[in-house]
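Report on the structure
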Amino acid sequence: LSLHDALPILLLVLTEFIYLDLIACLIAIVAVNYFPVYNYPNPTGKYQVGFKQTWISGLDVSFFYPTKVKTRDVKACPHDQTAQRIYEMFLFFTPPKIPYFVIKFFFSHLDQRKLGVNLNAPIAHDGESLPVILFSHGLSAHKHLYSAFLKEWASHGFLVAAVDHPETIWFPIKDEYDFIEKR
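Quantities reported herein were computed from a predicted structural model and do not represent experimental measurements.

**Some remarks on the overall build of the chain**
Of the regular secondary structure elements, the chain holds six helices and five strands. Mapped in sequence order, the helices and strands of the chain form the string α-β-β-α-α-β-β-α-β-α-α. Within the chain, contacts between residues at least 6 apart in sequence are counted, and of these 73% link residues at least 24 apart. Total accessible area on the chain stands at roughly 11900 Å², and carbon and sulfur atoms take up 67% of it.

Next comes the structure, spelled out in structure tokens:
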């Protein structure tokens, strides 16, 4: 088979891939704009859930705790980090590098999700000390992926401290060998 004979077949195959990519993009655009964004489930405990976020020794720590007061809710990712985190996971796990603006376009709506908590509400402890849960997420995750659990525990009377550690969230790597060397 000569190059002259193979060229039309190659162009046909490439054209089919381009059409499939366009169809996938159109489906994604429709899904992003017409389907609802996931909401966190409501906790089942007897308390509302209070929320406070702070920095301790360079770590981003969120506290989920029982409260009886309703205040204002907060965004699940207050600094619009969802698209950035997804992009960095794509950089590591997918061979074709997807441009950041594409990921931002398709996933930035997730940053609008509300956490379903009461910001800076007073703690409801009824004069007793609260049992404490210290929560640490796994590799390439972040604490708000587990918010449903954290809120559930707080609604049942636990004080939950959830720590984000950036060295396991972000992928500041060039390739899989760089990743292995950093770990």
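Text resumes after the structure shown.
**Observations concerning the pairing of strand S5 (residues 159-164)**
For S5, a buried count of five out of six residues is recorded, marking the element as mostly surrounded by other parts of the structure. Relative to S5, strand S2 (residues 59-67) is paired through five bridges, and the arrangement is antiparallel. Across the sheet, residue phenylalanine 64 finds its bridge partner in S5, namely valine 160.

**Side note on the side chain of threonine 67**
Structurally, the position occupied by threonine 67 is in strand S2. Within the structure, the side chain of threonine 67 is placed 3.3 Å from the backbone nitrogen of valine 69, a separation counted as a polar contact. Once residues lying within four places of it in the same chain are set aside, the contact partners of threonine 67 are Tyr47, Gln48, Val49, Gly50, Asn118, Ala121, Pro122 and Ala124.

**Digging into the environment of valine 61**
Looking at the element boundaries, valine 61 is found in strand S2. Considering only alpha carbons, one finds valine 61 and lysine 143, 82 residues apart in sequence, at a separation of 8.9 Å. In this view, valine 61 contacts Lys52, Gln53, Thr54, Ile56, Lys143, Ala161, Ala162 and Val163; residues no more than four positions away in its chain are not counted.

**So, the sheet that holds S5**
The strand order S3-S1-S2-S5-S4 describes an open sheet built from five strands, whose pairing is mixed. Each end of this open sheet is capped by a strand with a single partner; those strands are strand S3 (118-119) and strand S4 (132-136). In the sheet, strand S1 (residues 48-56) pairs with S3 via two bridges, with the strands oriented parallel. Among the inter-strand pairings, glycine 50 is bridged to a residue of S3, identified as asparagine 118. This element, helix H4 (residues 147-155), spans S1, S2, S4 and S5 of the sheet and lies at about 40° to S2.

**Focus: the layout of surface pockets**
Here the largest pocket defines a volume of roughly 260 Å³. Considered class by class, the residues forming the lining of the largest pocket number six nonpolar, six polar and four charged.

**With respect to the packing of aromatic side chains**
This structure, assessed with the given rule, holds four aromatic pairs. With 5.0 Å between their ring centres and 55° between their planes, phenylalanine 135 and tyrosine 146 make a pair best called tilted. You can see phenylalanine 135 sitting in strand S4 and its partner tyrosine 146 sitting in the loop between S4 and H4, a full eleven residues away along the chain. Judged by its relative accessible area of 14%, phenylalanine 135 is buried.

Conventions and cut-offs
- The written sequence of each chain sets the order in which its residues are numbered from 1.
- Local features in a predicted model are, by the rule used here, given only for residues with pLDDT of at least 70; side-chain atom pairs are given and counted only at 80 or more, and totals for whole chains, interfaces and linings are based on all residues.
- Each side-chain value is derived from all of the structure's non-hydrogen atoms; neither hydrogens nor water enter the calculation.
- Secondary structure elements follow DSSP: runs of H or I no shorter than four residues count as helices, runs of E no shorter than two count as strands, and numbering proceeds from the N terminus.
- Any two residues whose heavy atoms approach within 4.5 Å at even a single point are treated as in contact.
- Here the open area of atoms and residues is found with the Shrake-Rupley method and a 1.4 Å probe, where only the protein chains shown may cover a residue.
- Summary of the burial criterion: residues with accessible area below 20% of their type's maximum are buried, those above 50% are exposed, and those between are partly exposed, where the area comes from a 1.4 Å probe applied to protein chains only.
- In short, DSSP must find at least two bridges between two strands for them to pair.
- N or O atoms within 3.5 Å of each other form a polar contact, as long as, within protein, one can give a hydrogen and the other can take it, and as long as residues adjacent in sequence are counted only when both atoms are side-chain atoms.
- Angles run from 0 to 180 degrees between N-to-C directions of axes, and those axes are lines fitted to C-alpha atoms, restricted for helices to the stretch in contact.
- Definitions used for this entry: grid spacing 1 Å over protein atoms alone; cavity, a set of points where a 1.4 Å probe fits but cannot get out; pocket, an open set with protein on both sides within 12 Å along at least 5 of 7 lines; lining residue, one with an atom within 4 Å of a point.
- Grid points are joined across faces, edges and corners, and a volume is the space filled by probe spheres set on the points.
- Each residue receives one of three labels: charged for Asp, Glu, Lys and Arg, nonpolar for Ala, Val, Leu, Ile, Met, Phe, Trp, Tyr, Cys and Pro, and polar for the others, Gly being one of them.
- Between rings of Phe, Tyr and Trp, where Trp is taken as its six-membered ring, a pair exists when centres lie within 6.5 Å; planes separated by under 30 degrees are stacked, by over 60 edge-to-face, and by other angles tilted.

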